[in-house]
Structure formats: C-alpha cells, structure tokens
Number of protein chains: 4
Amino acid sequence: MRVRQFGGIDQLGVEDVPIPSPLPGQVLIRLRAAGLNQADILVREGRFIEIERQQRLPISPGVEGAGEVVAVGEGVTTHKVEDRVVILPMLTCHACPACASGEVSRCPELRIVGEHCDGTYVEYIALPAANALLAPPQPSWEQLAVSVVGYMTAWHMLLTRGGLRSGETVVVVGAGSGMGSAAIQVAKSVGAAVIATTGSDAKCGRALEVGADHAVNYADRNDWHDAVKELTNGKGADLVHDTVGGATFQRSINALRHGGRLVCMGSHSGRSAEVQLVSIHRNEVDIRGCHTASMSEVREFLPKIGSDWLQPIVDTTFSMNEVQAAHERLASPERFGKVALLL
Amino acid sequence: MRVRQFGGIDQLGVEDVPIPSPLPGQVLIRLRAAGLNQADILVREGRFIEIERQQRLPISPGVEGAGEVVAVGEGVTTHKVEDRVVILPMLTCHACPACASGEVSRCPELRIVGEHCDGTYVEYIALPAANALLAPPQPSWEQLAVSVVGYMTAWHMLLTRGGLRSGETVVVVGAGSGMGSAAIQVAKSVGAAVIATTGSDAKCGRALEVGADHAVNYADRNDWHDAVKELTNGKGADLVHDTVGGATFQRSINALRHGGRLVCMGSHSGRSAEVQLVSIHRNEVDIRGCHTASMSEVREFLPKIGSDWLQPIVDTTFSMNEVQAAHERLASPERFGKVALLL
Amino acid sequence: MRVRQFGGIDQLGVEDVPIPSPLPGQVLIRLRAAGLNQADILVREGRFIEIERQQRLPISPGVEGAGEVVAVGEGVTTHKVEDRVVILPMLTCHACPACASGEVSRCPELRIVGEHCDGTYVEYIALPAANALLAPPQPSWEQLAVSVVGYMTAWHMLLTRGGLRSGETVVVVGAGSGMGSAAIQVAKSVGAAVIATTGSDAKCGRALEVGADHAVNYADRNDWHDAVKELTNGKGADLVHDTVGGATFQRSINALRHGGRLVCMGSHSGRSAEVQLVSIHRNEVDIRGCHTASMSEVREFLPKIGSDWLQPIVDTTFSMNEVQAAHERLASPERFGKVALLL
Amino acid sequence: MRVRQFGGIDQLGVEDVPIPSPLPGQVLIRLRAAGLNQADILVREGRFIEIERQQRLPISPGVEGAGEVVAVGEGVTTHKVEDRVVILPMLTCHACPACASGEVSRCPELRIVGEHCDGTYVEYIALPAANALLAPPQPSWEQLAVSVVGYMTAWHMLLTRGGLRSGETVVVVGAGSGMGSAAIQVAKSVGAAVIATTGSDAKCGRALEVGADHAVNYADRNDWHDAVKELTNGKGADLVHDTVGGATFQRSINALRHGGRLVCMGSHSGRSAEVQLVSIHRNEVDIRGCHTASMSEVREFLPKIGSDWLQPIVDTTFSMNEVQAAHERLASPERFGKVALLL
Ligand SMILES: [Zn+2]
Ligand SMILES: [Zn+2]
Ligand SMILES: [Zn+2]
Ligand SMILES: [Zn+2]
C-alpha cells in the first residue's frame, strides 16, 4: 500500500513492491496485520510535522504491525524464523546516551516507521532486530498489531509520569480513541477506579464494557468536570489522563482534587489552551507533560498483552483492498478502539 | 493606622485605638515594625477576594509584623514578657485534620491577619500565642517584620514543591519583589545557581548583590527565556519560580530544560495565560501550582533568618505618619525588596 | 470465649457474658466470624508485649471480626441496624495530630482490640462507630473476618512503603501465613509478578493457586535467594516482602537486584539478624521498616475485598466450641491462609 | 613512588620511572599533589579486594591527585597545555549502558587509578582526557588533590541517596575521616544542621570548626545515639551518614527519628552487624546502601570546591621523600581530614 501523492483517502492504493532482503542486524517480517493511527492521516495528507526529514513519495503509512519472522540478517542471534513479533516503530542510533539509557525519544537520530520512512501497510518489511519485539502467544494478529502504541503511551502517562496507585480514581478524557481504551485497561490493571468521558451514549457503553467504572457523555454534559466531582463525593479525581488537548485542558484541571495530577499528551482538538492560573495554584495541582515511553516500560507491559487485563480493543478490521474504507473508519466519530488491516 | 473607606492612598490615616487585652491563650505584642505586601493594596482598595468574610470598616491592613510580648493571656506557657516574636498571619481552628497535620491553608476556618481582620499597621496587637513565633536574635525589627511571608513562600515553592537541589539552576522570574529576593536567597542557601529576571538595569544590579549569579533585564530582552538557554549552554533551567502570572507563564515554560519544573503562584500580571501545549508535552515538563506553606516549613527556616544566607531585603522604611508614602513606594516599579513601617 | 489464666490451649474456654450496651458514639455488633492471628497466641500465653497496658484477666482474644450492627449508640449517624461491618482493631484518641492525619500507629493512646482489651472471640461487641467499617456485600462472614489485618499490612508494605509497580517482580517470603497470601494477592492486583517462598510442596501448590507466578520450597532450597536470581535471569527481585524476621533477613537482601527494596515487618523467626554490610552497600539496596497502615490505606482496599483479586484465603473454620482446635490449627505448619471462628 | 613488595610502611620507596607519553585520547599531567586514602593502605598491604584484577608489582598507590596538563594526545580537543585538572579515578569503557547513563560504578570494565593500576604517587601520569576534570581556580594543589573522593561520596550519600533537605538534622558518624569532614561541609552547604560524632575532644573541636553545629565525643559517650536524641528534643535525627560500619550500624539506626533515613557505605570497623529488627520496623526507618557517585553528581559539586562552603580539610602535607611519615599519619587516630603529598 502506498501513498503516491499527498491528499485525500483516494490517494491510498495497492501496488506491487519487491520483497526486501534483511541487511546485517535486520529481520525480514511477513506482516499479518497493521494497526492504524491518527498519524497515518497526517502522513497521507502531507502534514507530518517533520516532513523535511521524511523520505520521498511514494511512502507506505503504518506505525504499528505484527507478523512472523521469515528471514534473519547476518549476525542476528536474538530471533529465528517463525518467531511471532510485534513492531516497535522507533528507529534509533543505539549509540547515544539517550539510547543507552533507554530514553529513545531523546535520540537525535530518532525516526518513526511509517512516518519518516516506509511503514506497516505492507506484506514484507525488513527492520533492525531490536524493533521486532517477541510477542506473547495469546493475542490475535490484529490485537497484537494495534497494541504497542496505545499501551506504551498509557503506561508511560499513567504509571511513570502519573504515579497512579491502586485505589485512586483516574479520569480518561476521550475514552473512544485507541489511546483512551488502552488507558482504561492499564488503569484497571493496577487497581484504579476509572471515570471515562466520551462523546456518545454508545461509546459510553463501550467504555464501561472495556472496564470503566463510570462513563460521562460530554455531548450531554459539557461540565463533565462537575460530573467528576459528583462521582468522587465532591473531592475531584486523583489523576486525569488527557490526550485530547486544547478543548479539554482547562476542564481537566478543574476535575482534579487538591494535590491531583494531570498527565497530558497530544493536542488534536487544539494546540493551545487558555488557562485560569488560580485553578493551578489554589489546589496545588501538578500538570505533567508526556512524550514517549522508554524501552524498559515496553518490557513491563509486553508480556501482559492478551491477559485478562490488557485485551486490545479492535473496532473493525479491513483487508488490504479495503484500505480506503479503513481510513474512513479511522476518522469516524463512531469508532471505539483501533482499526486494523489484515495483510 | 486604619482604612476608613476603601479607596486610594489618601484613605490611609492614623488614629487612636485602645490597647487590647490578651484573651486566654493570646499574647499581647508591642509591634516594632510592620512589613508591607501587595495584599495591603487590595485590602485598601476593597478588592480583597474574600471581602464577604472580611470584618467591617475601619480595618487595619498589615499581614506581617514583629515586636515584643508585653503581656500573656491565661493559660499561655509558651511565651513570656520581653520575648521577641514575629507574626504568623494565618489564624486557624487548631482542631480540623488540616490543622493537625500542619497544612494550614486547608483549614476551613482560615483567616489572615490584615486581610480578614485587623492587621499589623498598629502599635499593639493581641493574637493567639501560636501566631507569635519566637524569633532569632540577630535581625533588626524591620528585617524580622518583612521576612515571614517571603521566605515561607520561597521555601514552599522552591524546596517542597520544586524539589530544588544543590547544583541545579533556577530562574527567579520577577526578582524585584519581596518574594523574588527571598527566592534568590533561599535558592542560594541550598547551593543552587540563580538566574534572576527583572525590569531595569538597576534592579538587575540589586539582584546580583542579593546573590543571583546572573540577571536578565526583561525590558531589554523580551525573549528572556532564550537568555536562560544561553546561560545554561542551550540546556534550559532545572526549575523556574514564577510569581508574576499570566504575562510570563508561557516564557517560564519555554525556559525549562527537558524534564524541568515550573513552580508558580500568584497572577498579578494576568489571571489567565494562553499556553502552547506542545511546549509542555515535548520536554515532559512539570507545572506545579503552589498555595501556602505549612508550619513545619516555617520551623525549618525561622532559625536561619539573619544568618549569612537569609538576610531579608528592606527597600525602604517609613514611620507611622509616613504610611501614605510607604504605600506609594510599595507600588513603585523602582522598589527592590520589601517596604517596612516602624511603629 | 475467654482466657482465664495465661497458658496453653486448654486455658481457652467458652462462658456466658452479658450483652453490652452501646455507649454514645458506639455501635453494638453481632459478630458472625472472628479471624485468628499469631497475636492471639501471645495474648493467651501472657506474652503480649505491652502487658502492663493490658486489661486484667479474663480477656477475650481476637483482633479481627465481622458481623451485623444490631444497635447504635447516641449520636451515631454513620451506621444503622443491619449494616454489614468489619472491625478495624485500632482504638485511638481521634484528637492528637497522628489521629488527625490518619497515622493511627503513632497515636499515644493507641489500643488494639483483642490485645489491650476484650477482642472478637465473642458474639456481641460494642465499639466506636469508626471501628466498624462498612463492608462490601460479596465476601462471606469468614472471609470478611480474616481480611482486614492481612490486606492492611500488605497494602502498606507493598504499595506505600515498597512503591511496587506493575511489571516488577516481588518475592513474598513465608507465603503460607495470612499475611503472605494477602501479599500475593495485593501484588497480583497491581500487576506485579510474584515469587513465593514457603516450607512445603503442598504450600507451594497453594501459593500458586492463590496467584503466585513461581513458588520456591525453602525446605528444599535453603539458598532460595539464588532461586530468585535464576527466576529473574540473574538480575534479582525488584522488591522483597519479608514478615518472617531474623531467619530470612540476610537472604532477603541477597535476593534483591541492584537498587532493589526490602520491606520488612515482624520477627517471629528471630528478633535480630547478623547482616553483611557489603550486601547493602554494593547493590545500593533500600531496607524499609514497616509498622502499621493508615486509615487512608484501608479505604483504598476495603471496596476491593471479595473482588477477583482480593479473595481472602480461609484455611479452616471452626465453631465457637472448637476454639481449642482452632488454636491448634493456627500453630500448625500445614496451615495455608487464615483460620476463622464462626460465632 | 612505588610499592615493591606488599607489606608495611617500609615497603614504600621513591624510584625513577620514565615519563609516559600520552596515547590518543589521553592527557599527560604533571601532578602537583596527591591525596591519601585508606585504600592506599590496603593496596600497600596486598589486601586490595580485587587483587586478581590488579597489575603486577611494583605499583604506585594513590587514588587522588591534581596538577597541570603538559601534553595532550591525538584527538583530544577538550584540554590544552596548562589546564589545571583534578583526577577522576574511575577508568571506564565509555561504551556500555552504565557508562552512557553516567552510573560508572556499574561498568563491567571499571578500574580505579591507584587500586587496579598505577596511581597518583608520581610526578607524571597519562590518563584518558575524561579522567582529568577541569578544576576551579581558587583551591591550592593539595586542597584539589584531596577533594574529589570525599565530596563525591558525601554528595551521593547525603543528597542523592539521603534526600537531605535544608532545615533537617543530619548525624555524621566518624567525622574525623576525610569523608566525615566532607560530609559536614556538604550538609552545611545545603542548609542542614549537623551533629558530628568523633573519638576525642580535639577532634570534636575540629568538627565544630569545619561547621558542625554539635559534636559528640563517642569515647566519652558510648550511647551517642542518646546524645542525638537529647540534641533533637527527643525526636531523633532526620538522616544519619555512616561510613564506619559494623561498630556503629545499630546505634546509627537508634539515632533516627520516626521515618528517618540511614545512608551507609564502607565497613572498616566491621564487615557485619547484629541488628535488632524491631528498631527498623517500629520507627519505619529506611536504610539505604551507597556505593559510587555518578558523573552528573561530580559536575554538580566541582565548581563549588574552594567556595565558602566546600573547603577541603588538609590535615597535613608531606614531600615525596616523607611518604612513609605520610602513611603513618594516615593511620593515626589523631588525624582530622586528609593527608596530602606534594609532588
Ligand atoms: Zn540514539
Ligand atoms: Zn483547622
Ligand atoms: Zn490519637
Ligand atoms: Zn562501561
């Protein structure tokens, strides 16, 4: 699957490409499923933020994927043919201090599969062995394919940056996205209570199925921060997880208890926000920006994918030929969870 | 000194009031100096935020003061006549959980001397013994009188909320205020490097005298956050201390290193701020709102007042009859440090 | 049930006692089950450590219990007849700073039900309303009765003092006790991996049933700390939970990874330990002593009792007339989990 | 200076050695002073713990030193001739994850100058440029030479591991050693109060001169932990810094307040200790083992050496020909601070 020109959904099309050979240190993977992300739309439309570092068109989108190893390059001892793997999309230099300490987001050479270079909407891909994570046996291909980015983000935001603790109450703002449903599950898996906010009664119902203790439809209740206060006996939430951005930032602060924490990442609803400073001061709240997880965090959750607690939520699956329909669903407000392509 | 009608400086005037008697549990203090605060202007102008909880006019302003105990009420065993004391302005119930754990700012009965009720612009004041802190012998009356609020705030913001550590670099935004000069000193006293920002070359010079390692005149350099980057070899500050508010909030975030912390309190330059969310996310910064110090923090710094490190900065002193001139100086942009009244 | 003379199991006997009336602020509870603890043996044998503060004989043992409210004293508004409650055994003054901040273990007036005064081996007990915690509906009487002390201790040790995080590996030393099986469950409920050590293959099997990922029989493997290293690919455990004491202290340190934490409480296997200091220094380990949970911790886990994760493990139940057999079982090395009396 | 045979002080002698040439990446340093450490005695006596990794005899002892760069090897751009440098004695691989993240103590290739290979009792030494730290201008050669190991250890123990905060009280156990006097200074430099313990009235006097607020002669008061309680109004110390080992470990625990922390490293007074477990449990104390500082910590204190706060304490200086007398002084109980050799 390639994007030939930046533009609308019609620019997505299937074409034959040669099967690559694994270079030394790489593995060749027969992908079985790809997971779709908002980033794929930006790539398709030519709005990827580091476009000057992006490879020339045509480019394959796709940040997430899972499949089987079918060949290993020279010197690879960590993988063998038939290994079940899931893709870690960050390509790094493995030499700088950031890489050595596992904080991949700070590597100056960082490139993302499917953003800077060809991605996972493809049958065969060759990647460094370190980017092919050995996967647990339980989950289906599509579950594996949609799992890494969401859990990675949720793990980093809720546990590392947010310090979420069993018995606390967390609000997941915008629970309908892949990141939202992953956050509900991660929060439940460590014993927290979850209040989900989302934009329709149908999606509230899905959030409850995924494990949320309460769901608030913000289409009905614009003052959802007050609903959070009511659900916490007037106290406010211990933690708020916001991946929505400008449209919700102030309300997310308002939903916190005295001493509560807001973890935030992403801003698709608005890149800036007008903040009442007294709402930060008076309750001594913490606002903690979040960027990217480290490898040690991935190692913590990977074995848990497919367990009772971490069941990746697949909204819909499409075949390769239905890629345009897949992108339509990706943009639909009805979607709950992730869209996958079977390859 | 009393305010008879809310209004301008001309509403401040001296009048005779009877000397109060200490109630059981109180001490009677002959005040020797009062410290002036921005809050005094709000009280005078009738803009105190909890005006519905404020005593009727006339009211004495004055949150800070120091003097000698001249009489003790029934049951007081902690103080004796001639004790040198400095006033802790928070009047609390001493019974609620917040009081018991020392977090006075959360006591529902909290009232502030000079804001909710008569303050320190007066010769004699009777207060609960717990609000008369035994003072170290070195500092002058005016130094003592201006010390508590500034160091309390700086201690809470820099050490408790900010976690400032020896060897780190902190930016004190708005170093010309009493809170600013107190913050410079507290930061230096724990071994941090200080970059001060203030609005004139003269005040930059004063900030350096008080102990700042560098001073940036933001009248010249509106992009003072870039000056911070230059002074830290491109890295950014470990901590930013901002008591200015809306006008500086975004720049304070921009001045931080990856993983840096912003501690903030107060908003006299603007109650709201427009924030670029990516500036919070990308560098994984923490924004930590601050409100009020606890008693255990006051106990930590009180013995240090007057030591080499904590020398309260008195800008000017005035006699009681010069109270109008004192308020003029309080509002002057030339002021550096605190204004005191000798009583 | 009363102990008439300090001594062996034969000193335990049933006798009629009048039903107490609830004083103002108290509730009268018809107990349905009592949970047995090692402390009950110390009380029976006259070896309770604060015996000079203990009530005169005869005394009822029993720190834990659950039942129904049958009457409420004057002024009680928090409870009503037929409420299902579980007993919080710490009687405190509710006035000192420790009480106000919820750190009950530091209240100078602290007394423990069943240790300092009559306990739960009884049909009717009158206690302050705050010591009758409203219980969730799912668990059986015996499960409720045996739950509070174990989960309270495990919660405090693993989460508050130990900072256990999802994806970490914790060793539960002595998994056969009530505290041990509670610790396995609490650790699993927050997403940690558990290695249990216990003294027989049968008990290893039970530990696995309760949720441990691995179990080591220390009767076979005296070098169980090496087994921990093997099970963690040579790295060592992130956290060790030791309620055994002198006999295991050094091995618990040896089982830790670089930077690992040992949380410890209790010393029934030996009150002192010989420690190799280099084993603390070289790996920069933390040893964190633990005493008693706070009320805020109890509030965190109470709603979870009876959920999938926190299923109190009842080894055996006995009727009131079988109390001597119950104490025999309490002391038996075959016991796994808690012993309960039905009342 | 070389040790030709392991043994007593008489095995130390001066001999001519050729001036080395700097290899690529190295600098050649004309040492002006060396600092002596307990480790030098172990090396001389053949008791160095990793003797199987040690170079063959003869070997120069000396872990610490300072001097001028006299030549730079190929590719060195960070140093130039006449630079004033102080030696960082850890030689590492600069390639492993531990090195990349600055935790030099965990590099598997770690070797120590003067322990594994020739040290600083010499006029000329060639070392990797990264081991020649650019020194501030104020301190004398002997002050520089004795500074790095002591402050590095104190910084790591008190600030990183101990979390020492301004206003807290720390006990420095064994204040007469180089590590002890460095710890007093570091603690004072961040605003803590210091209680020093040492073995004579003369050394107590010196500890007070160095900055301790109180000094306890443990030759007089074997129960010095009770003296600590008296000096803290019965509360106990917030932090205890113990580099003495087995002889003081239990008393160091006893000197802590509820919730206090013990940081410990080294065990020259005894490699093991008998610990009363209840003394750890009851007060919920933390015991935190310490090993080696990281490079980021060295960068924090290096610019402060020679400032008012960090004035390295030189007990005595000797010329190269007096090396035997220097080792006698090193072992003397009268010594306070460090012994230096002028080269
Ligand atoms: Zn890199
Ligand atoms: Zn109160
Ligand atoms: Zn109490
Ligand atoms: Zn290395």
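Just so you know, these numbers come straight off a predicted model, no measurement behind them.

Cut-off values and rules
- Residues numbered from 1 in each chain as written.
- Chains lettered and ligands numbered in written order.
- Predicted model: local features only at pLDDT ≥ 70, side-chain atom pairs only at ≥ 80, totals over all residues.
- Heavy atoms only, no water.
- Donors = N, O, S within 2.8 Å, 3.2 Å for Na, K, Ca; no water.
- Tetrahedral: all angles 85-135°; square planar, octahedral: opposite > 155°, others 65-115°.
- Buried < 20%, exposed > 50% of the residue type's maximum accessible area, 1.4 Å probe, protein only.
- Least-squares fit on C-alpha atoms with pLDDT ≥ 70 in both.
- Contact = heavy atoms within 4.5 Å.
- Pairing = 2+ DSSP bridges.
- Helix = DSSP H or I, 4+ residues; strand = E, 2+ residues; numbered from the N terminus.
- Axes fitted to C-alpha atoms, helices over the stretch in contact; angles between N-to-C directions.
- UniProt positions renumbered as here; feature names shortened; annotations may be inferred.
- Buried area = accessible area lost by both parts, 1.4 Å probe.
- Polar contact = N/O pair within 3.5 Å; in protein donor to acceptor, adjacent residues only side chain to side chain.
- Patch = residues over 30% accessible without salt bridge, like charges linked within 9 Å, V, L, I, M, F, W, Y side chains within 5 Å.
- Areas by Shrake-Rupley, 256 points an atom, 1.4 Å probe, with all protein chains shown as cover.
- Salt bridge = Lys/Arg side-chain N within 4 Å of Asp/Glu carboxyl O.

Thoughts on the coordination of the zinc ion (ligand 4)
Four donors placed tetrahedrally about a metal ideally form angles of 109.5 degrees, and six donors placed octahedrally ideally form angles of 90 or 180 degrees.
Residue and element names in this part refer to chain D.
For step 1, the next point in the chain: All of the protein donors around the zinc ion (ligand 4) are Cys 93 (SG), Cys 96 (SG), Cys 99 (SG) and Cys 107 (SG); their distances to the metal are 2.2 to 2.3 Å.
For step 2, the next point in the chain: In this structure, the zinc ion (ligand 4) is coordinated by four donor atoms arranged in tetrahedral fashion, with angles at the metal of 105 to 116°.
For step 3, the next point in the chain: All donor residues of the zinc ion (ligand 4) come from one chain, and their arrangement in sequence is C-x2-C-x2-C-x7-C.
For step 4, the next point in the chain: Its relative accessible area of 29% is what places Cys 93 among the partly exposed residues.
For step 5, the next point in the chain: Assessed through its relative accessible area of 14%, Cys 99 is described here as buried.

A look at the relation of the copies chain B and chain A
For step 1, the next point in the chain: Note on the copies: chain B fits chain A at an RMSD of 0.0 Å, the axial shift is 0.0 Å, and the rotation between them is 180°. Accordingly, the operation relating the two chain copies is best matched by a two-fold axis. Of every C-alpha in chain B, the one belonging to Glu 274 of chain B sits nearest the axis of rotation, 2.2 Å from it.
For step 2, the next point in the chain: Counting the interface residues of chain B, we find that 100% of their copies in chain A are interface residues as well, pointing to one common contact surface.

What to know about the sheet that holds strand β12 (residues 214–217) of chain C
For step 1, the next point in the chain: In spatial order, the strands read β12(C)-β11(C)-β10(C)-β13(C)-β14(C)-β16(C)-β16(D)-β14(D)-β13(D)-β10(D)-β11(D)-β12(D); together these 12 strands make up an open sheet with mixed pairing. Looking along the sheet, the strands with just one partner apiece sit at the ends: β12 of chain C together with β12 (214–217) of chain D. Pairs of neighbouring strands in the sheet enclose a mean axial angle of 15°, with direction left out of account.
For step 2, the next point in the chain: The pairing of strand β14 (residues 256–264) of chain D with strand β16 (residues 286–289) of chain D spans four bridges and is classified as parallel. Its bridge partner lying in β16 of chain D, Val 263 of chain D is registered against Arg 288 of chain D.

A word on the coordination of the zinc ion (ligand 3)
Residues and elements named next belong to chain C.
For step 1, the next point in the chain: Within the protein, Cys 93 (SG), Cys 96 (SG), Cys 99 (SG) and Cys 107 (SG) serve as the donor atoms for the zinc ion (ligand 3), at 2.2 to 2.3 Å.
For step 2, the next point in the chain: Coordination at the zinc ion (ligand 3) is tetrahedral, judged from the four donor atoms that bind it and the angles of 105 to 116° they form at the metal.
For step 3, the next point in the chain: All donors to the zinc ion (ligand 3) come from one chain, and their sequence spacing reads C-x2-C-x2-C-x7-C. Comparing Cys 99 with Cys 107, the two get one shared label, buried.

Regarding the UniProt feature "domain: Enoyl reductase (ER)" (unreviewed entry) in chain A
For step 1, the next point in the chain: Under the present numbering, the feature "domain: Enoyl reductase (ER)" (unreviewed entry) in UniProt falls on residues 7–341 of chain A.
For step 2, the next point in the chain: Along residues 7–341 of chain A the backbone is 26% helical and 26% strand, and the end-to-end C-alpha distance reaches 20 Å.

Re the interface of chain B and chain A
For step 1, the next point in the chain: Counting residues at the interface gives 32 residues for chain B, matched by 32 residues for chain A.
For step 2, the next point in the chain: Both faces considered, chain B and chain A share a buried interface measuring about 2500 Å² in area, 50% of it formed by carbon and sulfur atoms.
For step 3, the next point in the chain: Together, Leu 277, His 281 and Glu 284 of chain B form the three largest contributors to the area buried by chain B at its contact with chain A, with a combined 25%.
For step 4, the next point in the chain: Viewed at the interface, chain A and chain B are joined by 21 residue pairs in polar contact (both at pLDDT 80 or more).

Re a nonpolar patch on the surface
For step 1, the next point in the chain: A contiguous nonpolar surface patch, about 220 Å² in accessible area, is contributed by Phe 6, Ile 51 and Leu 57 of chain A.
For step 2, the next point in the chain: By relative accessible area, Ile 51 of chain A is classed as partly exposed at 34%.

A few points about the side chain of Ser 166 of chain B
For step 1, the next point in the chain: Examined against the element boundaries, Ser 166 of chain B turns out to sit in the loop between α4 (148–161) and β10 (169–173).
For step 2, the next point in the chain: With relative accessibility at 3%, the residue Ser 166 of chain B sits in the buried group.
For step 3, the next point in the chain: Excluding residues within four positions of it along the chain, Ser 166 of chain B makes contact with Val 190, Gly 191 and Ala 192 of chain B together with Trp 155, Leu 159, Val 190, Glu 300 and Lys 304 of chain D.

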